[in-house]
Amino acid sequence: MRLLSELPHPVVLDVDGFGPVVFCHGTPRDDEEMVLVDTRLEKWAEVFVDLPAEIQTVVGGHTHMQFVRLVDRRLVINSGSIGMPYGRPGGAWAVLRNGQVELRHTKIDIDDAVEQVVRHSGYPGRREWAEEYIRSANSDAEALTAFAPRDGR
């Protein structure tokens, strides 16, 4: 846990074709803040209030749902997740190259992944957790409904 708490947040990197890009977990201002593909524009404005104008691309996560959208001329990317994906099982990730964004998905052996978690984890209720989250039992629509109150609606 100490390792994670010591990581910088957010991180700004120069990416060819994009210029400076903010990489963060929740939002640029808060690791745990939640924004969704359908978050209202007023909330996005609050989230981006302290970003310099030259930062036109933000890559985040936290909700584990892939999307790309424009928010007041800024490109916002949620790269998705390998763990706890919503919508479909497998690995969701993104590639930023030459000014283009590619959302990608990698199939995994779901049964093997569940068994690996059960075999190698000491987490209580690990089988139930793995069955729900590695198998992607929750749809993106269910996740949006559950997370909506956390984005200030």
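Below: a short report on this structure. Since this is a predicted model, take the numbers as computed values, not measurements. (Residues numbered from 1 in each chain as written. Predicted model: local features only at pLDDT ≥ 70, side-chain atom pairs only at ≥ 80, totals over all residues. Heavy atoms only, no water.)

This part is about the overall build of the chain. Each helix and strand in the chain was counted, giving five helices and seven strands. Seen in sequence order, the chain has helices and strands lined up from the N terminus as α-β-β-α-β-β-β-β-β-α-α-α. For the chain, whose C-alpha radius of gyration is 16 Å, the value lies close to the compact-globule estimate of 15 Å for 153 residues. In terms of its C-alpha atoms, the chain occupies a principal-axis envelope of roughly 50 × 35 × 30 Å. Counting only residues that meet the buried cut, the chain has 37% of its 153 residues in that class. Sequence separation of at least 24 residues holds for 45% of the intrachain contacts in the chain that already meet a minimum separation of 6. As presented, the chain carries roughly 9100 Å² of accessible surface, and 54% of it is formed by carbon and sulfur atoms. (Helix = DSSP H or I, 4+ residues; strand = E, 2+ residues; numbered from the N terminus. Rg over C-alpha atoms; globule rule 2.2 N^0.38 Å. Buried < 20%, exposed > 50% of the residue type's maximum accessible area, 1.4 Å probe, protein only. Contact = heavy atoms within 4.5 Å. Areas by Shrake-Rupley, 256 points an atom, 1.4 Å probe, with all protein chains shown as cover.)

This paragraph deals with the packing of aromatic side chains. Tallied over the entire structure, the rule returns three aromatic pairs. For the pair tyrosine 86 and phenylalanine 147, a centre-to-centre distance of 5.6 Å together with 85° between the ring planes defines the contact as edge-to-face. Separated by 61 residues along the polypeptide, tyrosine 86 in the loop between strand S5 (74–78) and strand S6 (91–97) and phenylalanine 147 in helix H5 (residues 140–147) bring together distant segments of the chain. This pair shows no difference in class: tyrosine 86 is buried, exactly as phenylalanine 147 is. Aromatic side chains tryptophan 129 and tyrosine 133 sit 5.5 Å apart centroid to centroid with 45° between the ring planes, which places their arrangement in the tilted category. Linking tryptophan 129 with tyrosine 133, this pair stays in helix H4 (residues 126–133), spanning four residues, or about one helical turn. Look at tryptophan 129 and you get partly exposed, because its relative accessible area is 26%. Taking relative accessible area as the criterion, tyrosine 133 reaches 17% and is therefore assigned buried. (Phe/Tyr/Trp six-rings, centres within 6.5 Å; stacked < 30°, edge-to-face > 60°.)

Moving on: the environment of phenylalanine 23. Along the polypeptide, phenylalanine 23 turns up in strand S2 (residues 19–23). For phenylalanine 23, a relative accessible area of 26% puts it in the partly exposed group. With 22 residues separating them in the primary sequence, phenylalanine 23 and alanine 45 have C-alpha atoms 17 Å apart. Setting aside residues up to four positions removed in sequence, phenylalanine 23 forms contacts with Pro10, Val11, Leu13, Val15 and Val59.

Together, Leu3, Leu4 and Leu7 give the surface a local cluster of nonpolar side chains, amounting to about 340 Å² of exposed area. Looking at where leucine 3 falls in the secondary structure, it is placed in helix H1 (residues 2–6). Looking at leucine 3, the relative accessible area reads 64%, which means it is exposed. (Patch = residues over 30% accessible without salt bridge, like charges linked within 9 Å, V, L, I, M, F, W, Y side chains within 5 Å. Salt bridge = Lys/Arg side-chain N within 4 Å of Asp/Glu carboxyl O.)

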